[in-house]
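Each chain is listed here by its residues.
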Amino acid sequence: MKKIAASILMAMLLFSTVVLGIAAAEGKTLYYPSYLQEREGETLVLDKEPERIVCLSNAALQILVRCGIHPVAITTPSSSIEYPDWVYELPIVDVGMNTLDVEGVLSYDPDLVLVGSYQKERCGEIFAASDIPVYYTSEGPSITYQEARESSILMARSFGGEEMAAGVQAEFEALEARAADYAANHEKKSMMIFFGAPGAYQQTSQGYLGSMLSLLPFENLSDSLIDPSMRTAPIDVETAITQNPEVIFAISPAVPSVEVLQQNFKEAFDENPDLWNQLDAVKGNNIVYLSGEYVTCKGIQVIQSVNKLIDRLEEQDASDDEAAEGQFVLKYPENLQALGYKEPLVLEKRPQRVASMSKAPVMALYEIGVPMVAIPESDSVIWPEALIASTRQYKMGMHSTFDIELLVAEKPDLVIMGYTSQEKYGTTLEKLGIPVYYVDAGHTVSYDSIKMQTLELIDAFAPGSEIGAEIMGRFETLETRLEDTRKAMEGHTVMVLQSSPPSHFIQTKGGTLGSMADMIGLQNVYENEESSMVPLDLELAVSYDPDLVLSVGANVTSEMQQSVMEEDFAKNPDYWNSIEAVKNGDIIYLPITYVSTSGITVIDRINDLADQIEAFFAE
């Protein structure tokens, strides 16, 4: 009996050990980075795997997404981080530097909350009283690259295991190898980081951006002015002038975009140019403006940020090399070559004061960072505020003239204009020694012309650049979409009218709007090999019988175009109602944005038009 009892006791002990082992295995250990361990301990140990996580940290959210973990609620996703679609469908809890919707968090009945350590003093006791475990993350302008690295690897280990942690570590190591290679092949330059308004704050090598730049060949002059551990501290212009850095990096938490940041700095420089031009970086325009992505750390995103920073520096290197070679070549696309513009424009160096008297190239030039001093006024596209603020605008309509002396006074080193203006303006500018490059422009510019011209501009001004590839990628994405649209539109016909009643013109598939309709897959009822747009022949028009009419004119809205057209129809109803599509109201009215090309904005126009046409034929 004693032996049986002993055997039973041993079995019970073994069973208890197995059960306890299973329970332990069901628990969860979250690891803290070394710089948080004094405050939080080495780990946070949970009794079980959390199932209802409220994630109030973009740093942690990126890791959860990688691990396939779906929180029940999140903070607002950072606009500079690409998340899968399902993330944007999750409920949002309001979180700010000094605010946190605690009641909102509790309403989700979480078994784990992930939140920045800056919230602990405010909310830690509340979560503790509710028996909710909290894992505190670190993010903000005072987190360094090295701290983000350690934290990201340990969060990957916490939520995804050793294999996930090893993968994240390998990504950091690949980045560091690239940074080391870049540093080894470039001479070190002195630099300062202006944080916020110019001449207000500086950042050392232990600030967020400063720690990124410490991987690259830059000497942070602020480290010799203040204790680097201060990370961010005030500075005045006079002190910056004594240091005179070769490069200035500019960031600000208070602006919505790089364009606004650049404009704010420009306004400050313009208010006191004698003072600011004592800085060689300002005088030589050697300032690198960076987005809010570089203001505060969001964990593993730092890998993307440093890679983008190196890309930016390499693009600048390429531009500098081109300038050093002493030659800038801007070729003409095939359609302009067919008009006689066969030889490329060759300049001694890359232009730094470009005046575009045609709307067509403006947005492509703006996006690839070409410095412009003059652009046309436009009612077909809204120019970015930063572009408006930094350029003079000229009236360049069909019947407009501009003061060529004012343009010459801008001291452009390249003028771009429509080839139809060569005789009126181009020849005069060329005689004054100002280089002129001619582009296709006006009411009958096709999509293909825009695409070819954009490619030549990118190849000349930003060869091999990331933004250039992204712009051309937009054309490819549109064309992929239209492959399906064309199949759906097969057999459908269209008449394209450009009208300012009582005048009406008809376009072939070579017109601006006509080429869009052709790309979408509609068969144009009007053909003319001599011209892409001619006055409408009223007698012939009644025989065209299109399934759909596209009507465009000089009106800023579709509703206004519809109003003026319907007024004209009402004046001669017997004629217009003999065209079935007009009689039945099978008309899509379009605003002035479809009249003349504004360059790469044609991509958005075609996408919008395709949406309307698909909806029309779906009814």
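Refer to the preceding data block for the structure.
This structure is a prediction, so every number in the text was calculated from the model and none was measured.

Looking now at the overall build of the protein chain. When its secondary structure is counted, the protein chain shows 25 helices and 25 strands. Overall, the protein chain is about 115 × 70 × 40 Å in size when its C-alpha atoms are taken along their principal axes. Of the roughly 30100 Å² of accessible surface on the protein chain, 50% is carried by carbon and sulfur atoms. Put simply, the protein chain has 40 plus and 93 minus side-chain charges, and the middle of one group is 4 Å from the middle of the other.

Here the focus is the packing of aromatic side chains. Under the defined criterion, the tally for this structure stands at 17 aromatic pairs. A centroid spacing of 5.3 Å and a plane angle of 85° characterise the contact between Phe218 and Phe249, whose relative ring orientation is edge-to-face. Of this pair, Phe218 sits in strand 9 (residues 218-220) while Phe249 is found in strand 11 (residues 247-251), placing the two residues 31 residues apart along the sequence. For the pair Phe218 and Phe249, one class covers both residues: buried. Three or more aromatic residues joined by ring pairs make a cluster, and in this case those are Phe194, Phe265, Phe269, Trp276 and Tyr289. If you follow Arg157 out to its NZ or CZ, it ends over the ring of Tyr31, 3.8 Å from the centre.

Turning to the packing of helix 20 (residues 512-520) against helix 25 (residues 602-618), a few remarks are in order. One way to put it is that helix 20 packs onto helix 25 with a least axis distance of 10 Å and a crossing angle of 60°. The angle between helix 20 and helix 25 falls in the class oblique. Like other packed secondary-structure pairs, helix 20 and helix 25 cross with a definite hand, here right-handed. Along its contact with helix 20, which presents Leu513, Met516, Met519 and Ile520, the element helix 25 presents Val602, Arg605, Ile606, Leu609, Ala610 and Ile613. Broken down by class, the residue content of the contact of helix 20 with helix 25 amounts to nine nonpolar, no polar and one charged.

Our focus in this paragraph is helix 18 (residues 447-461). Look at helix 18: 21 Å from first C-alpha to last across 15 residues, which is about the 21 Å you get at 1.5 Å a residue. Among the residues making up helix 18, those that are buried are Tyr447, Ser449, Ile450, Gln453, Thr454, Glu456, Leu457, Ile458, Ala460 and Phe461.

Ordered by their spatial adjacency, four strands build an open sheet running 4-3-5-6, and the pairing between neighbours is parallel. Edge positions in the sheet fall to strand 4 (73-74) and strand 6 (134-137), since each of these pairs with one other strand and no more. One ladder, built from four bridges, connects strand 3 (residues 53-56) with strand 5 (residues 112-116); its direction is parallel. Paired with Cys55 across the two strands is Leu114, which belongs to strand 5. The strands touched by helix 3 (residues 58-66) are strand 3, strand 4, strand 5 and strand 6; relative to strand 3, the strand with the most contacts, the crossing angle is about 130°.

Of all hydrophobic cores here, the largest spans 77 residues; its most connected members are Leu330, Val415, Phe461, Leu513, Leu550, Ile606 and Leu609. It is helix 25 that contributes the most residues to this core, seven residues altogether. Those residues in contact with Leu513 that sit more than four places away from it in its chain are Val496, Gln507, Leu550, Val552, Leu590, Tyr594 and Leu609.

A word on the environment of Ile126. Here Ile126 is to be found in helix 5 (residues 120-129). Ile126 sits in the partly exposed class, given a relative accessible area of 37%. It is 58 Å that separates the C-alpha atoms of Ile126 and Gln393, two residues lying 267 residues apart in sequence.

Reading across from one edge, 17-16-15-18-19 is the order of the five strands in this open sheet, with parallel pairing throughout. Among the strands making up the open sheet, the edge pair consists of strand 17 (392-394) and strand 19 (436-439). Across the sheet, the mean angle separating the axes of adjacent strands is 15° when strand polarity is ignored. Across three bridges, strand 16 (residues 372-376) lies against strand 17 in parallel orientation. Across the sheet, Ala374 pairs through a bridge with Arg392, a residue of strand 17. Across the face of the sheet, helix 17 (residues 422-431) comes into contact with strand 18 (414-418) and strand 19 while running at roughly 160° to strand 19. Of the strands in this sheet, strand 15 (354-356), strand 18 and strand 19 touch helix 18, which is tilted by about 150° from strand 19.

Take the pairing of strand 24 (residues 548-552) next. Among the five residues that make up strand 24, five are buried, leaving the element largely enclosed by the rest of the structure. Where strand 20 (residues 493-500) and strand 24 come together, five bridges link them in parallel fashion. Residue pairing across strands places Val496 opposite Leu550, the latter belonging to strand 24. Here strand 24 pairs with strand 25 (residues 587-590) via four bridges, running parallel. Considered in strand 25, the bridge of Val549 is made with Ile587.

A few words on helix 17. For helix 17, every residue scored as buried is listed here: Tyr425, Gly426 and Leu429. Summarising the axial view, the buried residues of helix 17 lie within an arc of 90°, below the 170-degree limit, and thus occupy one face. For helix 17, the exposed residues lying more than 90 degrees away from the buried face are Glu423 and Lys431. Where helix 17 is buried, its residues touch helix 16 (404-409), strand 18 and strand 19. Looking at the residues trailing helix 17, positive phi occurs at Gly433, about 85°.

Now for the environment of Gly292. Relative to the helices and strands, Gly292 resides in the loop between strand 12 (287-289) and helix 12 (301-325). Accessibility expressed as a relative area gives 42% for Gly292, which makes it partly exposed. Residues Gly292 and Phe195, 97 residues apart in the sequence, show an inter-C-alpha distance of 11 Å.

The next point concerns the packing of helix 19 (residues 466-489) against helix 25. Running from amino to carboxyl end, helix 19 crosses helix 25 at an angle of 20°, the nearest separation of the two axes being 11 Å. The pairing of helix 19 with helix 25 is recorded here as roughly parallel in orientation. Between helix 19 and helix 25 lies a crossing whose hand is left-handed. Taking contact as the criterion, the partners of Arg474, Phe475, Leu478, Arg481, Leu482, Thr485 and Met489 in helix 19 are, on helix 25, Ile603, Ile606, Asn607, Ala610, Asp611, Ile613, Glu614 and Phe617. Considered class by class, the residues forming the contact of helix 19 with helix 25 number nine nonpolar, two polar and four charged.

The next point concerns the environment of Gln37. Structurally, Gln37 can be placed in helix 2 (residues 34-40). Overall, Gln37 belongs to the partly exposed group, its relative accessible area being 27%. Along the backbone, Gln37 and Ser222 are 185 residues apart, and their C-alpha atoms lie at a distance of 29 Å. Once you skip the residues sitting within four places of it in the chain, Gln37 turns out to touch Tyr32 and Glu42.

Definitions and cut-offs
Residues numbered from 1 in each chain as written. Predicted model: local features only at pLDDT ≥ 70, side-chain atom pairs only at ≥ 80, totals over all residues. Heavy atoms only, no water. Helix = DSSP H or I, 4+ residues; strand = E, 2+ residues; numbered from the N terminus. Areas by Shrake-Rupley, 256 points an atom, 1.4 Å probe, with all protein chains shown as cover. Lys, Arg positive; Asp, Glu negative; His and termini not counted. Charge placed at Lys NZ, Arg CZ, Asp CG, Glu CD. Phe/Tyr/Trp six-rings, centres within 6.5 Å; stacked < 30°, edge-to-face > 60°. Buried < 20%, exposed > 50% of the residue type's maximum accessible area, 1.4 Å probe, protein only. Lys NZ or Arg CZ within 6 Å of the ring centre and 35° of its normal. Axes fitted to C-alpha atoms, helices over the stretch in contact; angles between N-to-C directions. Parallel < 35°, antiparallel > 145°, perpendicular 65-115°, else oblique. Left-handed = near helix turned anticlockwise from the far one by under 90°. Contact = heavy atoms within 4.5 Å. Nonpolar A, V, L, I, M, F, W, Y, C, P; charged D, E, K, R; others polar. Expected span 1.5 Å × (residues − 1). Pairing = 2+ DSSP bridges. Core = buried A, V, L, I, M, F, W, Y, C linked by side-chain atoms within 4.5 Å. Arc of directions from axis to C-beta.

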